[in-house]
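# Report on the structure
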Amino acid sequence: MENPPFTALPPAIESFADSIVIPVYTPTTTGALLSASLAADGRDVVVRLDDQPEPVARWSINGAADASVFVGLEAGFHLLTLTLDPPCVISPDPTLVCRQVSVARLSLEKG
């Protein structure tokens with residue numbers, strides 16, 4: 001039986017205030033290019049692979065920006081996560097609204 005092909009499932013979302021998780025499967029060791037068109041008002045986005053402590057990338061988004069990073073992947077299943085840093089905190093004050101990041105495009109393609 002043949003292994004399934006490289007598969008990445010970026011979610012179809014317009015913005016996020018916490019994180020985005022992209023499930024990835026690769027039958028062999030390879031790499032993939034993560035590309036995103038983002039917009040925000042002074043937010044940092046951290047890209048992590050699985051639970052590794054060191055980020056793959058850190059993007060400072062102020063206005064509209066295209067960002068990309070090549071990610072090395074061992075064979076198997078992975079989670080690629082884009083997270084706001086610092087994260088949004090829940091406030092009882094409705095006037096304190098978290099600054100979200102808008103997503104115009106998000107893709108992960110085998111490289």
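Residues numbered from 1 in each chain as written. Predicted model: local features only at pLDDT ≥ 70, side-chain atom pairs only at ≥ 80, totals over all residues. Heavy atoms only, no water.

Let us now look at the overall build of the chain. Helices and strands together make up the secondary structure of the chain, namely zero helices and seven strands. Burial status across the chain gives 35% buried among its 111 residues. By sequence separation, contacts in the chain at least 24 residues apart represent 71% of the contacts at least 6 residues apart. Here the chain contributes 6 positively and 13 negatively charged side chains, and the mean placements of these two sets differ by 4 Å. (Helix = DSSP H or I, 4+ residues; strand = E, 2+ residues; numbered from the N terminus. Buried < 20%, exposed > 50% of the residue type's maximum accessible area, 1.4 Å probe, protein only. Contact = heavy atoms within 4.5 Å. Lys, Arg positive; Asp, Glu negative; His and termini not counted. Charge placed at Lys NZ, Arg CZ, Asp CG, Glu CD.)

With that settled, consider the packing of aromatic side chains. Enumeration according to the criterion identifies one aromatic pair in this entry. Considering the side-chain rings of Tyr 25 and Phe 77, the 4.6 Å spacing of their centres and the 45 degrees angle between planes classify their relative orientation as tilted. Linking Tyr 25 in strand β3 (residues 19-26) with Phe 77 in strand β6 (residues 76-85), this pair joins segments that are 52 residues apart in sequence. For Tyr 25, a relative accessible area of 15% puts it in the buried group. (Phe/Tyr/Trp six-rings, centres within 6.5 Å; stacked < 30°, edge-to-face > 60°.)

Its location among the elements puts Asp 18 in the loop between β2 (15-16) and β3. Setting aside anything within four residues of it in sequence, one finds Asp 18 in contact with Leu 82, Thr 83 and Leu 84.

For the rest of this paragraph, the subject is the state of the cysteines. Per the stated rule, a full pass over the model turns up one disulfide. Two residues, Cys 88 and Cys 98, share a disulfide whose sulfurs are 1.4 Å apart. Of this pair, Cys 88 sits in the loop between β6 and β7 (101-110) while Cys 98 sits in the loop between β6 and β7, and the two are 10 residues apart along the sequence. Taking relative accessible area as the criterion, Cys 88 reaches 24% and is therefore assigned partly exposed. (Disulfide = S-S within 2.5 Å.)

Our focus in this paragraph is the environment of Pro 27. Looking at where Pro 27 falls in the secondary structure, it is placed in the loop between β3 and β4 (30-49). A relative accessible area of 25% places Pro 27 in the partly exposed class. Taking C-alpha positions, Pro 27 is 42 Å from Val 97, a pair spaced 70 residues apart along the chain. If we ignore the near neighbours within four places in the chain, the residues touching Pro 27 are Asn 3, Pro 4, Pro 5, Phe 6 and Ala 75.

Its place among the elements puts Arg 43 in strand β4. For Arg 43, which is buried and forms no salt bridge, the nearest opposite charge comes from Asp 85, at a distance of 7.1 Å. A distance of 2.4 Å separates a polar atom in the side chain of Arg 43 from the backbone oxygen of Pro 86. Setting aside residues no more than four positions away along its own chain, Arg 43 makes contact with Trp 59, Ser 60, Ile 61, Leu 84, Asp 85, Pro 86, Pro 87, Cys 88, Cys 98, Arg 99 and Val 101. (Salt bridge = Lys/Arg side-chain N within 4 Å of Asp/Glu carboxyl O. Polar contact = N/O pair within 3.5 Å; in protein donor to acceptor, adjacent residues only side chain to side chain.)

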